Amino acid sequence: MNNFDPASAGMPEIARRAAEAKARLQRVSATATSADGAVTVTVNTAGALQELTFGPRADELPRTRLAQAVLAAAKRAQLDAAQQLTGIMAPVIGERSDAMEFLKEQIPTPEVPAEEPRRKPPSDDDDFGSPILRRGR
């Protein structure tokens, strides 16, 4: 049986960095919230959904828009988790190493859609934007 111990093979610094990276990777999570606060998503190191919460604004959105907000927030969180992953692994395998390039190739890069700007709710004074329709109050 092959029991390779990096510390006994003269590589204590590499073993220490690897152990530290392993511990940090177990704690990685990333959270993203939609601009309007309707959706908050948390993912783990692998980008898997860990938590999904809806804010009060979620009740006002049509289901298709809510679904889009969930996906957009999840993709932003996944991108953040991937950046954390590569940041943790860089000191262990080298920032510009073949191993880092291989790691980056294994991480899917989600297309992160731009958030729609939050729309200002219409006020009672808007009168459809036409001052001609105003009547005395």
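What counts and what doesn't
- Residues numbered from 1 in each chain as written.
- Predicted model: local features only at pLDDT ≥ 70, side-chain atom pairs only at ≥ 80, totals over all residues.
- Heavy atoms only, no water.
- Helix = DSSP H or I, 4+ residues; strand = E, 2+ residues; numbered from the N terminus.
- Buried < 20%, exposed > 50% of the residue type's maximum accessible area, 1.4 Å probe, protein only.
- Contact = heavy atoms within 4.5 Å.
- Areas by Shrake-Rupley, 256 points an atom, 1.4 Å probe, with all protein chains shown as cover.
- Pairing = 2+ DSSP bridges.
- Polar contact = N/O pair within 3.5 Å; in protein donor to acceptor, adjacent residues only side chain to side chain.
- Salt bridge = Lys/Arg side-chain N within 4 Å of Asp/Glu carboxyl O.
- Core = buried A, V, L, I, M, F, W, Y, C linked by side-chain atoms within 4.5 Å.

Colleague: Describe the overall build of the chain, with residues and values.
Modeller: Scanning the chain from terminus to terminus reveals 3 helices and 3 strands. Along the chain direction, N to C, the helices and strands of the chain fall in the order α-β-β-β-α-α. Classification of the 137 residues of the chain by burial places 26% in the buried group. Residue pairs at least 24 apart in sequence account for 46% of intrachain contacts in the chain once pairs closer than 6 positions are excluded. Summed over all atoms, the accessible surface of the chain reaches about 10100 Å², with 53% contributed by carbon and sulfur.

Colleague: An account of the pairing of strand β2 (residues 39-44) is needed here, citing residue identities and associated values.
Modeller: The pairing of strand β1 (residues 29-33) with β2 spans 5 bridges and is classified as antiparallel. Considered in β2, the bridge of A30 is made with V43. From the end of β1 to the start of β2, which pair antiparallel, there are 5 residues, and G37 there has a positive phi angle of about 80 degrees. Pairing of β2 with strand β3 (residues 49-54) involves 5 bridges; the strand directions are antiparallel. Along β3, the bridge assignment pairs T42 with E51.

Colleague: So what's going on with the side chain of S34? Residues and values would help.
Modeller: Tracing the backbone shows S34 in the loop between β1 and β2. Here D36 takes part through its side chain, which lies 2.7 Å from a polar atom of the side chain of S34.

Colleague: Residue-level account of the environment of E111, with values.
Modeller: Take E111: it is sitting in the segment after α3 (98-106). For the pair formed by E111 and K75, sequence separation is 36 residues and the distance between their alpha carbons is 7.2 Å.

Colleague: Can you lay out the side chain of D36 for me, pointing to particular residues and giving the numbers?
Modeller: With respect to the element layout, D36 can be found in the loop between β1 and β2. The buried category is assigned to D36, whose relative accessible area is 14%. A distance of 3.0 Å separates a polar side-chain atom of D36 from the backbone nitrogen of A38.

Colleague: A description of the pattern of salt bridges should follow, citing residues and the corresponding values.
Modeller: Counting across every chain of the model gives 5 salt bridges. The shortest N-O distance in the salt bridge between E13 and R16 comes to 2.5 Å. In this pair, E13 and R16 both sit in helix α1 (residues 12-27), 3 residues apart, roughly one turn of the helix. For E13, a relative accessible area of 40% corresponds to the partly exposed category. As a salt-bridge pair, R17 and E13 come within 3.8 Å of each other at their nearest N and O atoms. Highlighted residues: R17 and E13, both in helix α1, separated by 4 residues, approximately one helical turn. Overlapping salt bridges bring together E13, R16, R17 and E20 as one network.

Colleague: Describe in detail the nonpolar core, supporting the description with residues and values.
Modeller: Counting residues in hydrophobic clusters, the biggest one holds 15 residues, and the most contacted among them are V39, V41 and V43. Excluding residues that lie within four positions of it along the chain, V43 makes contacts with V28, S29, A30, A48, L49, Q50, A74, A77, Q78 and A81. With 10 residues, the next largest nonpolar core counts A21, V28, L85 and L103 among its residues.

Don't take any of this as a statement about function, it's just geometry.
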